[in-house]
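Architecture at a glance
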Amino acid sequence: MQNVLFFVDRVSSWVGQAFSWLIVALTFLISWEVFARYVLNTPNPWAFDLMIMMYGAAFMMAGAYTLAKNGHVRGDVLYSFFPPRLQAGLDLALYFVFFIPGVVALVWAGYTYAAESLAIREHSTLTANGPPLYPFKMVIPFAGALLLLQGVVEIVRCVVCLRNGEWPPREPDVEEVDVDKLKAQVSEEGRP
């Protein structure tokens, strides 16, 4: 069972990391557009549309990754003091009351939205020759489906925690830098 959970975590992580490269591409696109607009005096009318689409795609595809890494914002002020079983019970209730219906609605509406856009080969109307919107809109149901799959994994984790009294392990991720730990490590390495 743990291998299945880790597999879905890995898929969510891989997709999130792959789409994170859009931020690098977006940085280059914005830099080029600023250079072209102010130095070469040849702005590209489609650049703004493309920037919005790239940022939106990166943001949407990061949802499942963030859920896999337990990184979504919550009211940790009280939550962190609760025992694991109470945390799991609250999470489980919230997944069924809010998460599942919301994400199912996102997938359903996103699919309809993308299908209509594809059917008419929709293009952006912000500029005369706007880029096509349907590839971007297809990201919506895909991101929702991936988020829903990761949500099922999180529900399973809640059930396991309710049974065992402790959270099942997650795959390791990049840790935030703890300044005090870093100072201690540096001072230990400097000792003879």
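We now turn to the structure provided with this report. Computed from a predicted structure; not experimentally measured.

Thoughts on the packing of aromatic side chains
- Summed over all chains, the structure comprises 3 aromatic pairs.
- Plain terms: the ring middles of Y95 and F99 are 5.2 Å apart, the flat faces sit at 90 degrees to each other, and that makes the pair edge-to-face. Of this pair, Y95 and F99 both sit in helix α4 (residues 84-119), 4 residues apart, roughly one helical turn.
- F99 gets classed as buried once you look at its relative accessible area, which sits at 16%.

Structural notes on unusual backbone geometry
- Notably, N41 is not glycine yet its phi reads approximately 55 degrees, a positive angle.
- Tracing the backbone through its elements, the reader meets N41 in the loop between α1 (2-38) and α2 (47-68).
- Of note, R121 is a non-glycine position whose phi angle comes to about 50 degrees, a positive value.
- Relative to the helices and strands, R121 is located in the loop between α4 and α5 (134-164).
- On the basis of relative accessible area, R121 is assigned to the partly exposed category, the value being 48%.

A word on the packing of α4 against α5
- At their nearest, the axes of α4 and α5 sit 8 Å apart, and the two run at 165 degrees to each other. The angle between the axes of α4 and α5 places the two elements in the roughly antiparallel class. In this structure, α4 meets α5 at a crossing whose hand is left-handed.

Focus on the packing of α1 against α2
- Look at α1 against α2: their axes get within 8 Å of each other, and the N-to-C directions meet at 155 degrees. By the angle between their axes, α1 is roughly antiparallel relative to α2. Between α1 and α2 lies a crossing of left-handed hand.
- Looking at side-chain class alone, the contact of α1 with α2 contains 19 nonpolar, 4 polar and 2 charged residues.

What about the pattern of salt bridges?
- Summed over the entire model, instances satisfying the criterion amount to 4 salt bridges.
- E154 is paired through a salt bridge with R157; the nearest N and O atoms lie 2.8 Å apart. Of the two residues, E154 and R157 are both situated in helix α5; the distance of 3 residues between them amounts to about one turn of the helix.
- On the basis of relative accessible area, R157 is assigned to the buried category, the value being 1%.
- Residues participating in the shared-partner salt-bridge network are D9, E154 and R157.

Let's talk about the nonpolar core
- Counting residues in each nonpolar core, the largest one holds 17 residues, and the members touching the most others are M61, L67, Y95, F99, L146, L147 and C158.
- The set of elements that each furnish at least two residues to this core consists of α2, α4 and α5.
- Among the elements that take part in this core, α5 stands out by supplying 7 residues, more than any other.
- For C158, the contacting residues outside a window of four places in its chain are A88, D91, L92, Y95 and W167.
- Ranked by size, the runner-up nonpolar core spans 5 residues in total, among them L26, L29, M51 and M54.

Quick look at α2
- In this model, α2 (22 residues) spans 32 Å end to end at C-alpha, consistent with the 32 Å of a helix rising 1.5 Å per residue.
- Of all bends in α2, the biggest is about 30 degrees, found at A62.
- At the C-terminal side of α2, N70 shows a positive phi close to 55 degrees.

Cut-offs and rules
- Residues numbered from 1 in each chain as written.
- Predicted model: local features only at pLDDT ≥ 70, side-chain atom pairs only at ≥ 80, totals over all residues.
- Heavy atoms only, no water.
- Phe/Tyr/Trp six-rings, centres within 6.5 Å; stacked < 30°, edge-to-face > 60°.
- Helix = DSSP H or I, 4+ residues; strand = E, 2+ residues; numbered from the N terminus.
- Buried < 20%, exposed > 50% of the residue type's maximum accessible area, 1.4 Å probe, protein only.
- Axes fitted to C-alpha atoms, helices over the stretch in contact; angles between N-to-C directions.
- Parallel < 35°, antiparallel > 145°, perpendicular 65-115°, else oblique.
- Left-handed = near helix turned anticlockwise from the far one by under 90°.
- Nonpolar A, V, L, I, M, F, W, Y, C, P; charged D, E, K, R; others polar.
- Salt bridge = Lys/Arg side-chain N within 4 Å of Asp/Glu carboxyl O.
- Core = buried A, V, L, I, M, F, W, Y, C linked by side-chain atoms within 4.5 Å.
- Contact = heavy atoms within 4.5 Å.
- Expected span 1.5 Å × (residues − 1).
- Bend = angle between axes of the 7 residues up to and from the residue.

Spatial relationships are all this shows, so hold off on functional conclusions.
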